[in-house]
Amino acid sequence: MYQRNLFSFHRRLFQTASSISTNTSIGFYPNTEGDLISKLASVLQSCSHHNPDPRAIRQGQQLHAQIIVNGINHVGLLGSRLLGMYILCGKMFDAKTVFHQLDLFYASPWNWMIRGFTMMGCSDSALLVYFKMLGYGTCPDKYTFPYVIKACGRLGAIGLAKSVHHTVRMMGFETDVYVGSSLIKLYAENGCIDDARNLFDKLPERDDVLWNVILNGYLKHGDPKRVFSLFNQMRSSEVRPGSVTYACILSACASDANITLCTQLHGLLIKCGLVNDPQVLNTLIGGYAKCQRLFEARKLFDRVSEAGSVTWNVIIGGHVQKGLMNAASDLLRKMISLGAKPDTITLASFLPSVSESTRVNQGKEIHSYILRHNVNLDVFLKNALIDMYFKCREVEMARNVFTCNSAIDIVICTAMISGYVLNGMSSDALEIFRWLVNEKMRPNAVTLSSSLPACAGLAALKLGKELHGQILKNGFETRCYVGTAVTDMYAKCGRLDLAHEVFTRMSEKDGVCWNSMMTSFCQNGRPEKVVDLFREMGAKGAKYNSVSISAALSACASLPLPGFGKAIHGFMTRGALETDLYAESALIDMYAKCGNLESARKVFNIMQEKSEVSWNSIIAAYGNHGRLQECLSLFHEMQEFGFQPDHVTFLAIISACDHGGLVDDGYRYFKSMIDDYKITARMEHYTCIIDLFARAGRLSEAVEILKSMPSDPDAGVWGTLLGASRVHGNVEMAEMASKHLFEMDPQNSGYYVLLSNVQADAGKWKGLIKREA
């Protein structure tokens, strides 16, 4: 009976198999069942492909039906091939049916199911099958682990992956090239670069794919020097670097700005014949662009016959990073005119070039292009648009982009927080932070460090401490930019002690961190600490810049320490900061405040370039020394050289008139600032002009100016009026000023003493005794 079924099946099988693959040469009509099953397994394998033709799937199903109808045993090899066919064809329902009919004490069926779920992206289901396999008592083999490890990587389950690695080691599969490669890839892509390297060094055989995995792992880890070192080892081995390898090395050159190696690699690529490979060429153009060698980058770009979006993105991004905005705009227009469509990366890389209000219309044109052409507004492009609008002071437009119907993630929320802080809207920044917490988003290190300036802006010390607690809880305090934000927050909230404590605990400090701490001490009247930190900064090998020098020079001016200031001047002359505008302006200010006006003028005269800041510094220097004529002469000279005076310039001029007692001249410059130069008077201008009138005894005019102020006077204005009232014995005006000061700062005993002195000088003992009672 079985022989009859077997031979009748041969005829049907031959017809089905012939229709499946004309290229498969299979001899049918075997004499044994084992031989038949082997032939059927070979036919089924020809049906098993990724993205198969629908006809192949139907024919495979027909063959399965023939197997079932004719009662052919399909538990062993044949069943495994059937299961594999359904898995690779994406027929998971049929695969599950076959799976439950097989002998599950062998690893092969389990391996196929794990592989199938992993291929479908159902990593959690793949791991569930793996644990069921272990619970069933089936021993995994070396084919089990690559897809289990891949599933762990997709879920970010690094702890579980390390547990699987332990099992692999115990079973002796650690040095298997496929299992080991899977583990190395997982470790390299998830930041465990040391684990990846340890396993990499153990493997007896390494192909080019494995070398590329470890090289890209170090690149992603931000360690280009290790990338170069490993590349040299790879070249010494028998493995030949390919286009993927060279793309990785060129990316490392770009991140390290290593133009020498980039040029050498260019020559090597020409020698190897890989220079025209699209991936390599794009990376080479990007390498030159990021190394600020745009001439070479553009030369290579012009050789490309048909540039794709990736190539356009690289060259446009290079010009943006170099600050060549007009050239970047021309390239973008050329790209569109040639029919190449800008994608999200093109537009997101171009938008950072639009960072000034004068260019906001260009940014709006790009936004309009995105809407007209239905460009996918992904998180990167949305983030770039928000950032652009905030930098151009278009807060409402940034809000509109944020609230539009597209994805919102922690990066976009962080951009909103930073944008609000940039525009002085600290309350709105903290509202976004509260919203993202309520939405169950987890703030990262950048989010927390971006929120801290908002706490500083509102002097919200309690909230700042809570954020600091979150930073400590998540282990972010070791990151330099986070520590800098924490110290700055404490300093601006008046807790210099806590700021310095956090600063001293930081294991790594960059120039920004040192500058932030020095500036904080300088602004809070602790110049001696600034000098100490400046010396410590040099001893620790940190590099000085214009901010460090300016802070130290300001401290020298406050102490005063002309000797130390001269030493810094010598350092500037020897180093690269000799021509830095801000450092030289601080040097002028230091010499002037230390009484050496001659040296201040000498520094000003030898400056190769001058700015409004340097002109303001020398004008203020002469004004503070009572040299009013020279001060005014410099003011007019400044304008002759094409520099427009700003609010700082006029403050220096009015202050000089105040010192010289030239009331009418001071008021004339004050009015000219508002009427002729269209500069809005600030509180410090009103304080200075009121002091000018009050010192001259023209108190009624001072009060008239006070009443004309567009905003309420602060304590400085009323304090100026109170001091002048005592000098001129005007008790009524002193009492009026004191009333406002008591409301603003009732705990300040100095105001009570000053008013009492005015009343005592005027012989009003009754009011004085009443106040003391």
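What counts and what doesn't
Residues numbered from 1 in each chain as written. Predicted model: local features only at pLDDT ≥ 70, side-chain atom pairs only at ≥ 80, totals over all residues. Heavy atoms only, no water. Helix = DSSP H or I, 4+ residues; strand = E, 2+ residues; numbered from the N terminus. Buried < 20%, exposed > 50% of the residue type's maximum accessible area, 1.4 Å probe, protein only. Contact = heavy atoms within 4.5 Å. Areas by Shrake-Rupley, 256 points an atom, 1.4 Å probe, with all protein chains shown as cover. pLDDT = per-residue confidence, 0-100. Disulfide = S-S within 2.5 Å. Salt bridge = Lys/Arg side-chain N within 4 Å of Asp/Glu carboxyl O. Phe/Tyr/Trp six-rings, centres within 6.5 Å; stacked < 30°, edge-to-face > 60°. Expected span 1.5 Å × (residues − 1). Axes fitted to C-alpha atoms, helices over the stretch in contact; angles between N-to-C directions. Parallel < 35°, antiparallel > 145°, perpendicular 65-115°, else oblique. Left-handed = near helix turned anticlockwise from the far one by under 90°. Nonpolar A, V, L, I, M, F, W, Y, C, P; charged D, E, K, R; others polar. 1 Å grid on protein atoms, 1.4 Å probe; cavity = no way out; pocket = protein on both sides within 12 Å on 5 of 7 lines; lining within 4 Å. Points joined across faces, edges and corners; volume = space filled by probe spheres on them. UniProt positions renumbered as here; feature names shortened; annotations may be inferred. Patch = residues over 30% accessible without salt bridge, like charges linked within 9 Å, V, L, I, M, F, W, Y side chains within 5 Å. Polar contact = N/O pair within 3.5 Å; in protein donor to acceptor, adjacent residues only side chain to side chain.

Some remarks on the overall build of the chain
Looking only at helices and strands, the chain features 45 helices and zero strands. Across the 773 residues that make up the chain, the buried fraction comes to 47%. Contacts in the chain between residues at least 24 apart in sequence constitute 57% of all its contacts with a sequence separation of at least 6. Of the accessible surface of the chain, which amounts to about 38,300 Å², a share of 51% is contributed by carbon and sulfur atoms.

A short note on the confidence of the model for the chain
With 85% of its residues at a pLDDT of 70 or more, the chain shows a mean pLDDT of 82. Confidence, expressed as mean pLDDT per element, reaches its minimum in the chain at helix α1 (residues 2-20) with 44 and its maximum at helix α25 (residues 426-438) with 94. Low pLDDT, under 50, characterises residues 1-36; the stretch is placed with 43 contacts to residues that sit more than four places away or in other chains. Segment residues 768-773: pLDDT under 50, and seven contacts once partners within four positions in sequence are set aside and those in other chains are kept.

Observations concerning the side chain of Ser 243
Examined against the element boundaries, Ser 243 turns out to sit in helix α14 (residues 243-256). In this structure Ser 243 comes out as buried when scored by relative accessible area, which is 18%. Residues within four places of Ser 243 in sequence aside, it is in contact with Leu 274, Asp 277, Gln 279 and Val 280.

Let's talk about the state of the cysteines
With the rule as written, the count across this model stands at zero disulfides. In this model Cys 493 remains outside any disulfide bridge; the closest cysteine sulfur is found in Cys 455, 7.1 Å from its own. Looking at Cys 493, the relative accessible area reads 17%, which means it is buried.

Side note on the side chain of Ser 516
Here Ser 516 lies in helix α30 (residues 511-523). Take Ser 516: its relative accessible area is 12%, and that puts it in the buried class. If near-sequence neighbours (up to four positions away) are discounted, Ser 516 is found in contact with Thr 484, Thr 487 and Asp 488.

Quick notes on the pattern of salt bridges
Once their charged atoms are close, side chains differing in charge can pair, the charge on each being opposite to the other. Tallied over the full model, the rule gives 27 salt bridges. With a closest N to O distance of 3.8 Å, Lys 364 and Glu 394 form a salt bridge. Here Lys 364 is found in helix α21 (residues 360-372), whereas its partner Glu 394 is found in the loop between α22 (379-391) and α23 (395-403), with 30 residues between them in sequence. Accessibility expressed as a relative area gives 32% for Lys 364, which makes it partly exposed. A salt bridge links Asp 664 to Arg 698; its shortest N-O distance comes to 3.4 Å. Separated by 34 residues along the polypeptide, Asp 664 in helix α39 (residues 663-675) and Arg 698 in the loop between α40 (683-695) and α41 (699-707) bring together distant segments of the chain. According to the relative accessible area criterion, Asp 664 is exposed, its value standing at 53%. Taken together, the shared-partner salt bridges connect Arg 169, Glu 174 and Lys 202 into one network.

A look at helix α8 (residues 145-155)
Those residues of α8 that sit buried are Phe 145, Pro 146, Val 148, Ile 149, Ala 151 and Cys 152. Tucked into the core, α8 has its buried residues touching α6 (107-119), α7 (123-136), α9 (158-171) and α10 (177-189). In the segment just after α8, Gly 156 is the residue with positive phi, at about 70°.

Some remarks on the packing of aromatic side chains
Applying the stated criterion across every chain yields a total of 24 aromatic pairs. Here the aromatic rings of Phe 301 and Trp 312 are separated by 4.9 Å at their centres, their planes lie at 75°, and the arrangement is edge-to-face. Separated by eleven residues along the polypeptide, Phe 301 in helix α17 (residues 294-303) and Trp 312 in helix α18 (residues 309-322) bring together distant segments of the chain. For the pair Phe 301 and Trp 312, a shared accessibility class is recorded, and that class is buried.

Examining helix α12 (residues 208-220)
With 13 residues, α12 extends 18 Å from end C-alpha to end C-alpha; this agrees with the ideal 18 Å at 1.5 Å per step. Considered for burial, the residues of α12 that qualify are Leu 210, Trp 211, Asn 212, Val 213, Ile 214, Leu 215, Gly 217 and Tyr 218. At the C-terminal side of α12, Gly 222 shows a positive phi close to 75°.

As for the packing of helix α28 (residues 480-492) against helix α29 (residues 496-505)
Running from amino to carboxyl end, α28 crosses α29 at an angle of 165°, the nearest separation of the two axes being 7 Å. Relative to α29, the element α28 lies roughly antiparallel. The interaxial crossing formed by α28 with α29 has left-handed handedness. Contact residues: Gly 483, Val 486, Thr 487, Tyr 490 and Ala 491 in α28; Leu 496, Leu 498, Ala 499, Val 502 and Phe 503 in α29. Its residues assigned to classes, the contact of α28 with α29 shows eight nonpolar, two polar and no charged.

Section: unusual backbone geometry
Omega for the peptide link from Leu 559 to Pro 560 comes to -15°, which places this bond in the cis form. Along the chain, Pro 560 falls in the loop between α32 (546-558) and α33 (562-574). At Arg 393, a residue that is not glycine, the phi angle is positive and equals roughly 65°. Relative to the helices and strands, Arg 393 resides in the loop between α22 and α23.

A short note on the layout of surface pockets
If a probe the size of a water molecule is rolled over the atoms, the empty space left behind becomes visible. Its volume calculated, the largest pocket comes out at about 690 Å³. Forming the boundary of the largest pocket are 26 residues, of which Pro 146, Tyr 147, Lys 150, Tyr 178 and Ser 182 lie nearest the centre. Taken together, the elements giving at least two residues each to the lining of the largest pocket come down to α6, α8, α10 and α12. Sort the elements by how many residues they give to the lining of the largest pocket and α10 lands first, with seven residues. Tallied by class, the residues present in the lining of the largest pocket amount to eleven nonpolar, six polar and nine charged. As a volume, the second largest pocket reaches approximately 300 Å³. Lining the second largest pocket are 18 residues, with Gly 286, Lys 290, Asn 313, Val 314 and Gln 321 sitting closest to its centre. Counting only elements with at least two residues in the lining of the second largest pocket, the list comes to α14, α16 (278-290), α18 and α20 (344-350). Taken together, the residues of the lining of the second largest pocket sort by class into six nonpolar, eleven polar and one charged.

Some remarks on the UniProt feature "repeat: PPR" (unreviewed entry) in the chain
Taken from the UniProt record, the annotation "repeat: PPR" (unreviewed entry) applies to residues 207-241, 308-342, 409-443, 510-544, 580-610 and 611-645. In this annotation, residues 409-443 is assigned 74% helix and 0% strand; the end-to-end C-alpha distance for the span is 10 Å.

Considerations on a nonpolar patch on the surface
Residues Phe 105, Tyr 106 and Tyr 136 make up a contiguous nonpolar surface patch of about 390 Å² in total accessible area. Relative to the elements of secondary structure, Phe 105 occurs in the loop between α5 (92-99) and α6.

Examining the environment of Arg 206
Note that Arg 206 resides in the loop between α11 (193-202) and α12. A C-alpha to C-alpha distance of 7.5 Å links Arg 206 and Val 177, two positions 29 residues apart in sequence. Leaving out residues up to four positions away in the same chain, Arg 206 has contacts with Phe 200, Asp 201, Trp 211 and Val 239. In terms of polar contacts, Arg 206 uses its side chain to reach the backbone carbonyl oxygen of Phe 200, at 3.1 Å.

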